[in-house]
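The residues making up each chain are set out below.
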Amino acid sequence: MVVQSQPALEHYSLIKTCRPSNIFTGIPVIDFKDPEAKSLIVKACEEFGFFKLVNHGIPMEFMTRLETEALNFFNLPQSEKDKAGPPDPFGYGSKRIGPNGDVGWIEYLLLNTNPQVTSLKTQAIFQENPEIFRSAVNNYIVAVKGMAFEVLELMAEGLKLEQRNVLSKLIKDEKSDSCFRLNHYPACPEQLQALSGRNLIGFGEHTDPQIISVLRSNNTSGLQICLRDGTWVSVPPDQSSFFINVGDALQVLTNGRFRSVRHRVLADSLKSRVSMIFFGGPPLSEKIAPLPSLLKAKGEESLYKEFTWWEYKTSAYKSRLADHRLGLFEKT
Ligand code: GA4
């Protein structure tokens, strides 16, 4: 048995492992309908850069329909899925994440939220049930984007910014550089994990470069976040809720008051995990700098050099997943 498993371990030796960690019960939960939501969101973004959103009003059907369609795609033969790849950055990817050598126990589809042309690759993505899959993706994105606008408007109110659309307009803009990701983490063969006594990494630790990320997953655990003191904790899964991440751009817009949360996903030995994430990014030409009214209110200087979203994104794509990408843009 052990002898049989060794080649498998060798084969996956590029994928990192980590020790299992405890389920965390302290994730802030925000009820969208709570009159206090705006100040609770600000508090959660300051402390964790992460919170769970309940009572969000998006029907479960939007999520389950897309999950079913995504699984139909991921269950296709490998040769069919490969027609929708490689991800450059959009398309189907397996194990490799980004262009710089990161690998994980994962396969995924990375999609542009405003596709201009229908390429051969998009045809390959939507091949089986083109209209059904495409409309499940589109309907889901429209619903989640609308919710992200509202979250950003509540945030602006909580931050006491003069206009409640200062943040939301960045991703409402028709040139907004947002994207969407469908991830499939197959259950990881138990012997592989048992042999090392550790968990295989599905998606290595990183922060999201954008303003905000909205994640929904099935009920399989695996997502972990890194707390301020550097401890990694497991986020209990909840298929009916959304999880909101502060991205690097929002950290800069708030001059470091909100923190972009470092997170990762571990493979589960028994169940596969499916997640869908909307990444709300600004237009490429947008200047990313702390909001002047926030600096004025606190009498602060910007902690960051000036840059556009295009400059940040270009630099992000030259980095490795775990890199501290904002480091290059911090004033010394
Ligand atoms: C992390 C957030 C999003 O998933 C993503 C990722 C992107 C990719 O998978 O192509 C990146 C990663 C993400 C950050 C640094 C670069 C780019 C892989 C990578 C090594 C789609 C994004 O926008 O940035």
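These numbers come from a predicted model, not from an experiment. (Residues numbered from 1 in each chain as written. Predicted model: local features only at pLDDT ≥ 70, side-chain atom pairs only at ≥ 80, totals over all residues. Heavy atoms only, no water.)

## A look at the site of the ligand
Part 1 of the reasoning: Around the ligand there are 15 residues in total, and Arg-181, Pro-209, Gln-210, Phe-279 and Tyr-317 lie nearest to it.
Part 2 of the reasoning: At 2.8 Å, a side-chain N or O of Arg-181 approaches an oxygen atom of the ligand.
Part 3 of the reasoning: Between the ligand and the protein, one listed contact pairs an oxygen atom with a side-chain N or O atom of Tyr-317 at 3.2 Å.
Part 4 of the reasoning: Burial of the ligand by the protein chains amounts to 97% of its free accessible area of 460 Å².
Part 5 of the reasoning: Split into classes, the residues belonging to the shell around the ligand amount to seven nonpolar, four polar and four charged. (Near = heavy atom within 4 Å. Polar contact = N/O pair within 3.5 Å; in protein donor to acceptor, adjacent residues only side chain to side chain. Areas by Shrake-Rupley, 256 points an atom, 1.4 Å probe, with all protein chains shown as cover. Nonpolar A, V, L, I, M, F, W, Y, C, P; charged D, E, K, R; others polar.)

## Overview of the environment of Asp-102
Part 1 of the reasoning: Residue position: Asp-102 is located in strand 5 (residues 102-112).
Part 2 of the reasoning: We classify Asp-102 as buried; its relative accessible area is 12%.
Part 3 of the reasoning: Each C-alpha atom, one on Asp-102 and one on Arg-228, is 25 Å from the other, the two residues being 126 residues apart in sequence.
Part 4 of the reasoning: Reaching out from Asp-102, the side chain makes a polar contact with the backbone nitrogen of Leu-321 at a distance of 2.9 Å. (Helix = DSSP H or I, 4+ residues; strand = E, 2+ residues; numbered from the N terminus. Buried < 20%, exposed > 50% of the residue type's maximum accessible area, 1.4 Å probe, protein only.)

## A short note on the nonpolar core
The tendency in soluble globular proteins is for nonpolar side chains to be buried as a group.
Part 1 of the reasoning: By size, the foremost hydrophobic cluster in this structure holds 67 residues, and its most contacted members are Met-155 and Phe-180.
Part 2 of the reasoning: Looking at this core element by element, the count peaks at 14 residues for helix 6 (residues 130-158).
Part 3 of the reasoning: Excluding residues within four positions of it along the chain, Phe-180 makes contact with Leu-66, Leu-109, Leu-110, Leu-111, Thr-113, Val-137, Tyr-140, Ile-141, Met-276, Ile-277 and Phe-278.
Part 4 of the reasoning: In terms of nonpolar packing, the next biggest core, distinct from the first, is built from 23 residues, Phe-203, Val-261, Ile-277 and Leu-321 among them. (Core = buried A, V, L, I, M, F, W, Y, C linked by side-chain atoms within 4.5 Å. Contact = heavy atoms within 4.5 Å.)

## Overview of the pattern of salt bridges
Where charged atoms of side chains with opposite charge meet at close range, the side chains can pair.
Part 1 of the reasoning: Going through the model one piece at a time under the given rule, you end up with 14 salt bridges.
Part 2 of the reasoning: For the salt bridge of Glu-67 with Arg-216, the shortest nitrogen-to-oxygen distance reads 2.6 Å. Taken together, the positions of Glu-67 in helix 3 (residues 60-74) and Arg-216 in strand 8 (residues 212-217) put the pair 149 residues apart, joining distant regions of the chain.
Part 3 of the reasoning: Taking relative accessible area as the criterion, Arg-216 reaches 0% and is therefore assigned buried.
Part 4 of the reasoning: Here Glu-107 ties to Lys-81 by a salt bridge, and the two come within 2.8 Å at their closest N and O atoms. Placement of the pair is Glu-107 in strand 5 and Lys-81 in helix 4 (residues 78-82), with a sequence separation of 26 residues. (Salt bridge = Lys/Arg side-chain N within 4 Å of Asp/Glu carboxyl O.)

## Describing the packing of helix 3 against helix 6
Part 1 of the reasoning: Contact pair helix 3 / helix 6: the axes reach a minimum separation of 9 Å and the direction vectors enclose 140°. When the interaxial angle is binned, helix 3 and helix 6 end up oblique. Of the two possible hands of crossing, helix 3 and helix 6 adopt the one that is left-handed. Side by side, helix 3 and helix 6 meet where Phe-62, Met-63, Arg-65, Leu-66, Glu-69, Ala-70 and Phe-73 of the first sit next to Ile-132, Phe-133, Ser-135, Ala-136, Val-137, Asn-139, Tyr-140 and Ala-143 of the second.
Part 2 of the reasoning: Considered class by class, the residues forming the contact of helix 3 with helix 6 number eleven nonpolar, two polar and two charged. (Axes fitted to C-alpha atoms, helices over the stretch in contact; angles between N-to-C directions. Parallel < 35°, antiparallel > 145°, perpendicular 65-115°, else oblique. Left-handed = near helix turned anticlockwise from the far one by under 90°.)

## A word on the side chain of Thr-113
Part 1 of the reasoning: Here Thr-113 is to be found in the loop between strand 5 and helix 5 (120-125).
Part 2 of the reasoning: From its side chain, Thr-113 meets the backbone oxygen of Ser-178 in a polar contact 3.0 Å long.
Part 3 of the reasoning: Not counting the four nearest positions on each side in its chain, Thr-113 is found in contact with Ile-141, Ser-178, Cys-179, Phe-180 and Phe-278.

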